[in-house]
Amino acid sequence: MSQTAQVTAKSRSELGSRANKRLRDAGMIPGVIYGHKEAVVPVTLPRRDVANHIDRGSHLFDLNIDGKSEKVLVKEVQYDHLGIEILHIDFARVNLDEKVEITVPLELKGTPKGEADGGVLTQLISELHIECLVTDIPDIIRHSIAEMKLNDILHIKELKLPTGVKVLQDEDLVVATVKEIEEETEAGAEGEAEPAVIGEVKDGTAAVAAEKK
Amino acid sequence: MPMMPKRVKFRKSQRGKIKGNATRGNTVAFGEFGLQALKPSWITARQIEAGRVAASHFLRREGRLYIRIFPHKSVSAKPLEVRMGSGKGEPEFWCAVVKPGTILFEVGGVDEATAKKCLARLAFKMPIACRFVHRRHSVA
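Here goes a summary of the coordinates provided. (Residues numbered from 1 in each chain as written. Chains lettered and ligands numbered in written order. Predicted model: local features only at pLDDT ≥ 70, side-chain atom pairs only at ≥ 80, totals over all residues. Heavy atoms only, no water.)

Attention shifts here to the nonpolar core. All names here are of chain A. The biggest cluster of nonpolar side chains holds 26 residues, and the ones touching the most others in it are Leu73, Val104, Leu128, Ile130, Ile137, Leu154 and Val175. Looking at this core, the elements that each hand over two or more residues are strand 7 (99–109), strand 9 (127–133) and strand 13 (174–179). Among the elements that line this core, the one with the most residues is strand 7, at five residues. Residues lining this core come from more than one domain, with at least three contributed by each of domain 1 (5–94) and domain 2 (101–195). (Core = buried A, V, L, I, M, F, W, Y, C linked by side-chain atoms within 4.5 Å. Buried < 20%, exposed > 50% of the residue type's maximum accessible area, 1.4 Å probe, protein only. Helix = DSSP H or I, 4+ residues; strand = E, 2+ residues; numbered from the N terminus. Domains from an automatic or database assignment.)

As structure tokens, then:
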């Protein structure tokens with residue numbers, strides 16, 4: 001089960017992109033807290049603390065805002081174009097006895113038997129959309145694939161989930177396959193040297209077609 | 001055979017400018033590891049093909065390589081020793097327009113050390129600085 005991350009936040013009065021840029025330059029992250037039909041509160045958080053917790057996969061935060069403690073769930077994290085720096089973070093207020101919808105990583109453990117026969121494991125789903133109590137949110141869902149043979153397919157319904165966790169996705173979705181990779185045919189790949197132009201008809205037939213009209 | 005579109009609306013295109021950073025295609029989506037562009041550039045179909053060959057020779061049949069960019073843009077050129085004027089030259093090659101942050105290639109089905117080696121070889125074939133990235137899991 002994921003641990004609650006303790007972070008000190010400050011409410012912020014200055015809004016807008018320029019004020020947020022100044023905050024980011026000072027090593028802080030702008031964020032916002034909403035939910036439970038209460039007022040929306042813009043906040044400022046220390047970047048290093050938040051980034052550490054987010055990198056470790058923390059979902060639940062205990063924010064200390066100007067001396068008041070509030071339990072919140074991460075709703076959205078915005079990154080820069082390289083995916084390095086956190087630009088903004090959204091939190092939703094939450095009660096510990098509440099059921100929430102959340103995305104958790106899915107890790108496939110072990111080496112499938114089929115790899116010895118020339119198969120390659122392809123993981124098609126690496127995150128699961130689940131519903132569970134706030135206190136039961138798993139850090140990660142692990143599933144052993146050591147028994148998968150060549151041409152085996154793993155579906156969502158075959159996953160062993162922790163107690164109290166319900167998957168919200170279609171249970172027939174394919175999670176992983178072990179299949180041989182088809183050799184790319186280098187010979188015969190010679191196609192046309194130039195792409196066809198849409199609307200252009202070759203060898204003067206365009207003129208004929210135009211005359212008929 | 002380098003990649004190119006099968007059908008196009010116009011054979012020749014204007015040069016354009018590469019402005020800003022990638023806001024789409026900047027996260028690892030199919031494999032577990034990726035190669036991310038750090039600079040803006042045109043990446044030619046030949047360079048993409050060279051990268052693909054380098055990576056697939058290294059991986060053999062172990063893992064899976066995903067190419068995340070496609071050369072949609074034609075670049076025209078005039079033949080040698082031809083005077084200026086008389087219209088735009090003929091399409092010479094095709095290229096992908098890449099903004100900083102774009103994921104160029106992805107690798108799946110291999111461990112991190114193998115993926116790193118594979119994408120390092122691939123990065124040598126690219127005309128720009130690139131970095132190795134992991135898939136990032138959502139916490140929301």
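The next subject is the pattern of salt bridges. Taken as a whole, this structure holds 15 salt bridges over all chains when the rule is applied. For Lys157 of chain A, the salt bridge is made with Asp172 of chain A, and the minimal N-O distance between the two is 2.8 Å. Of the two residues, Lys157 of chain A is situated in the loop between strand 11 (153–155) and strand 12 (166–167) and Asp172 of chain A in the loop between strand 12 and strand 13; the sequence distance between them amounts to 15 residues. Between Glu90 of chain B and Arg11 of chain B there is a salt bridge, with the nearest N and O atoms lying 2.4 Å from each other. Residue Glu90 of chain B is located in strand 6 (residues 90–98), and its partner Arg11 of chain B is located in the loop between strand 1 (7–8) and strand 2 (33–37); the two are separated by 79 residues in the primary sequence. By relative accessible area, Arg11 of chain B is classed as partly exposed at 25%. (Salt bridge = Lys/Arg side-chain N within 4 Å of Asp/Glu carboxyl O.)

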